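Each chain, letter by letter, is given below.
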Amino acid sequence: MEIVTATSICQGILFGVIILLAFLGNLLVIVSVLRTKTLRRKYAYYFVVSLALADLLVSVGAMVFNAIKVIHNGHWFFG
């Protein structure tokens, strides 16, 4: 069993905050465009929603696995 160090705890908290802010920020952009009628009428905001959705998927899909790898000192547990 691996010993948890203060560095791992700080990294875990920092990664958690970054992932949470990325998720909530992108979700806020998507909800804002969908709820505001004037923003839905302009085609440029489709591009903004597309970027926000891609970034949202990266924050949920890739950043979580990278955070787990970094916290566990580079050991990959997923295969």
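Residues numbered from 1 in each chain as written. Predicted model: local features only at pLDDT ≥ 70, side-chain atom pairs only at ≥ 80, totals over all residues. Heavy atoms only, no water.

Focus on the overall build of the chain
Item 1. Broken down by element type, the chain carries 3 helices and 0 strands.
Item 2. When the elements of the chain are put in sequence order from the N terminus, they spell out α-α-α.
Item 3. Across its three principal directions, the C-alpha atoms of the chain cover 55 × 25 × 15 Å.
Item 4. Considering the chain as a whole, with its 79 residues, one finds that 14% of them fall into the buried category.
Item 5. Summed over all atoms, the accessible surface of the chain reaches about 6100 Å², with 74% contributed by carbon and sulfur. (Helix = DSSP H or I, 4+ residues; strand = E, 2+ residues; numbered from the N terminus. Buried < 20%, exposed > 50% of the residue type's maximum accessible area, 1.4 Å probe, protein only. Areas by Shrake-Rupley, 256 points an atom, 1.4 Å probe, with all protein chains shown as cover.)

Considering the environment of Ile19
Item 1. Secondary-structure assignment places Ile19 in helix H1 (residues 6-35).
Item 2. Classification of Ile19 by relative accessible area gives buried; the value is 16%.
Item 3. Separated by 50 residues in the primary sequence, Ile19 and Lys69 place their C-alpha atoms 14 Å from one another.
Item 4. If we ignore the near neighbours within four places in the chain, the residues touching Ile19 are Ser59, Met63, Val64 and Ala67. (Contact = heavy atoms within 4.5 Å.)

A few points about the packing of aromatic side chains
By convention here, two paired aromatic rings are described through the distance between centres and the angle between planes.
Item 1. Across all of its chains, the model carries 4 aromatic pairs by this definition.
Item 2. When the ring of Tyr43 is compared with that of Tyr46, the centres are 5.7 Å apart and the planes differ by 45°; the resulting orientation is tilted.
Item 3. Here Trp76 and Phe78 contribute two aromatic rings whose centre-to-centre distance is 5.2 Å and whose plane-to-plane angle is 75°, an arrangement assigned as edge-to-face.
Item 4. On the basis of relative accessible area, Phe78 is assigned to the partly exposed category, the value being 40%.
Item 5. Members of the aromatic cluster, each reached through a chain of ring pairs, are Phe65, Trp76 and Phe78. (Phe/Tyr/Trp six-rings, centres within 6.5 Å; stacked < 30°, edge-to-face > 60°.)

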